[in-house]
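# Commentary on secondary and tertiary structure
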Amino acid sequence: MNSELYPNAAASSADGVSQQWTREAAEAIHDLPFNDLLFLAQTIHRQNFDRNQVQLSRLLSIKTGGCPEDCGYCSQSAQHQSGLEASKLLDVQRVIAEARKARNAGATRYCMGAAWRSPKARDMGAVVAMVEGVKALGMETCMTLGMLDLDQAHRLKEAGLDYYNHNVDTSERYYKEIISTRTFADRLETLANVREAGINVCCGGIVGMGEEKADRIDMLVMLANLPEPPESVPINMLIPMPGTPLAEAPPIEPIEFVRIIALARVLMPKSDVRLSAGRTAMSDEMQALCFFAGANSIFVGDTLLTAGNPEECKDSALLRRLGIKPIARKAL
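These notes cover the structure that comes with them. (Residues numbered from 1 in each chain as written. Predicted model: local features only at pLDDT ≥ 70, side-chain atom pairs only at ≥ 80, totals over all residues. Heavy atoms only, no water.)

## Remarks on the nonpolar core
Across soluble globular proteins, nonpolar side chains have a tendency to be buried as a group. The test is simple: The nonpolar core is taken to be a set of buried Ala, Val, Leu, Ile, Met, Phe, Trp, Tyr and Cys residues, with the residues joined through side-chain atoms within 4.5 Å. Think of it in three bands: residues with accessible area under 20% of the maximum for their type are buried, residues over 50% are exposed, and the middle band is partly exposed, with areas taken using a 1.4 Å probe on protein chains only. The numbering of helices and of strands both runs from the N terminus, where a helix is a DSSP run of H or I of at least 4 residues and a strand a run of E of at least 2. Note on definitions: a residue-residue contact is assigned when non-hydrogen atoms from the two residues lie within 4.5 Å.
The biggest cluster of nonpolar side chains holds 97 residues, and the ones touching the most others in it are Met 143, Leu 156 and Phe 257. Among the elements that make up this core, the one with the highest residue count is helix α10 (residues 254-267) (nine residues). In this structure, Phe 257 is in contact with Val 207, Ile 235, Asn 236, Met 237, Ile 252, Leu 275, Met 282, Met 286 and Cys 290, ignoring residues within four places of it in sequence.

Shown next, in the form of structure tokens:
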């Protein structure tokens, strides 16, 4: 491989020095011959993580549907005709009981999502109690509740929240083609509030929404060039949901998806790269390539918010065949 195509990528990973990426440098890495790209990504992955371990997260929708936002991919938007009925916020004890089941099944992080533009004051007490209850089980906690102001972020931090998920979804250029009710700058403001409060940032995006290659690269460059890159980077492959504007979107080509996983690993060497939504449409071989490209986290459980996910027995069988072991839960 020509080292000029990836200036100091492996070196900056090894010595812990972060670098500012340009679109040109990132695109050169993305466009490497496939075997060279995978070799580079796997080399960097091995410098920072156990090569044969994966972190397991479980995701629960604590409040489904009725969201006022118009995200073109989402069946939970009240503006789309997806047929999904809005529900009330789940009872705290039910959430804790579901988290306990997830812990006993091997998940180490519990993620709770609510279909809100932002949390209302009346709901914060229950949300805080959920964080405290799940944390008491010895699990890492994660929430995605929409936009947060700084006071809300501090309150969640005080409750023990470990991660907050707020995806940018796509590039700043393409963003307005997918969402009109919330700006790209709004997303960045929430990320800044989460970071200032001392909560780990979980932020990635969705590919296969009709964006160009440049949009996928620009999204990852923007994340890598944040003052601190996200600790967790979920990469979702669009699940076309009936009744949404993207219901008929053509799928992204599998090799192109693997390239994005590999680029995320190279640009953000110390971040967890989560192979997130869309795995039901991936072959075992495609998922194996994603793990080799640097993905080291997945969601387990049959459902992701409102979309399907591979059955746990299928995931366990795949990981066993690949010789990949789940990261053990830390002892209390």
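Let's pick the thread back up.
## Notes on the side chain of Arg 216
Along the polypeptide, Arg 216 turns up in helix α9 (residues 213-224). The exposure class assigned to Arg 216 is buried, which follows from its relative accessible area of 10%. Ignoring anything within four residues of it in the chain, the contact list for Arg 216 reads Val 207, Glu 211, Ile 252, Glu 256 and Ile 260.

## Looking at helix α5 (residues 121-135)
Which entries qualify depends on this criterion: Multiplying 1.5 Å by the residue count of a helix minus one yields the expected span of that helix.
Under the 1.5 Å per step criterion, the end-to-end length of α5 is 22 Å for 15 residues, consistent within 8% with the ideal 21 Å. When α5 is considered as a whole, its buried residues turn out to be Asp 123, Met 124, Val 127, Val 128, Met 130, Val 131, Gly 133 and Val 134. Against the buried residues of α5 lie β1 (53-63), α4 (92-104), β2 (109-114), β3 (140-144) and α6 (150-159).

## As for the pattern of salt bridges
Here is the rule we go by: For salt bridges, the criterion is a side-chain nitrogen of Lys or Arg within 4 Å of an Asp or Glu carboxyl oxygen.
Enumeration over the complete set of coordinates arrives at 17 salt bridges. Between Glu 27 and Lys 213 there is a salt bridge whose closest N-O contact spans 3.3 Å. Placement of Glu 27 in helix α2 (residues 23-30) and of Lys 213 in helix α9 is noted, with a sequence separation of 186 residues between them. Look at Glu 27 and you get partly exposed, because its relative accessible area is 27%. The partner of Glu 140 in a salt bridge is Arg 109, with the nearest N and O atoms 3.0 Å apart. Of this pair, Glu 140 sits in strand β3 while Arg 109 sits in strand β2; the two residues are 31 residues apart in sequence, bridging distant segments of the chain. Assessed through its relative accessible area of 25%, Glu 140 is described here as partly exposed. With a relative accessible area of 2%, Arg 109 lands in the buried category.

## Structural notes on the environment of Glu 248
Among the structural elements, Glu 248 can be located in the loop between β7 (232-237) and α10. On the basis of relative accessible area, Glu 248 is assigned to the exposed category, the value being 74%. Taking C-alpha positions, Glu 248 is 9.8 Å from Met 209, a pair spaced 39 residues apart along the chain.

## Here's the deal with the packing of α6 against helix α8 (residues 184-196)
Rules: Here an angle of 0 to 180 degrees is reported between the N-to-C directions of two axes, which are lines fitted to C-alpha atoms, with helices fitted over the stretch in contact. The cut-offs work like this: below 35 degrees is roughly parallel, past 145 is roughly antiparallel, 65 to 115 is roughly perpendicular, and the gaps in between are oblique. By definition, turning the near helix anticlockwise from the far helix through less than a right angle yields a left-handed crossing, and turning it clockwise yields a right-handed one.
Their axes nearest at 8 Å, the elements α6 and α8 cross at an angle of 40 degrees. In terms of orientation, α6 and α8 fall into the oblique class. Considering only the axes of α6 and α8, their crossing is right-handed. Between α6, through Leu 150, Ala 153 and His 154, and α8, the contact on the second element is made entirely by Asn 193, Val 194 and Glu 196.

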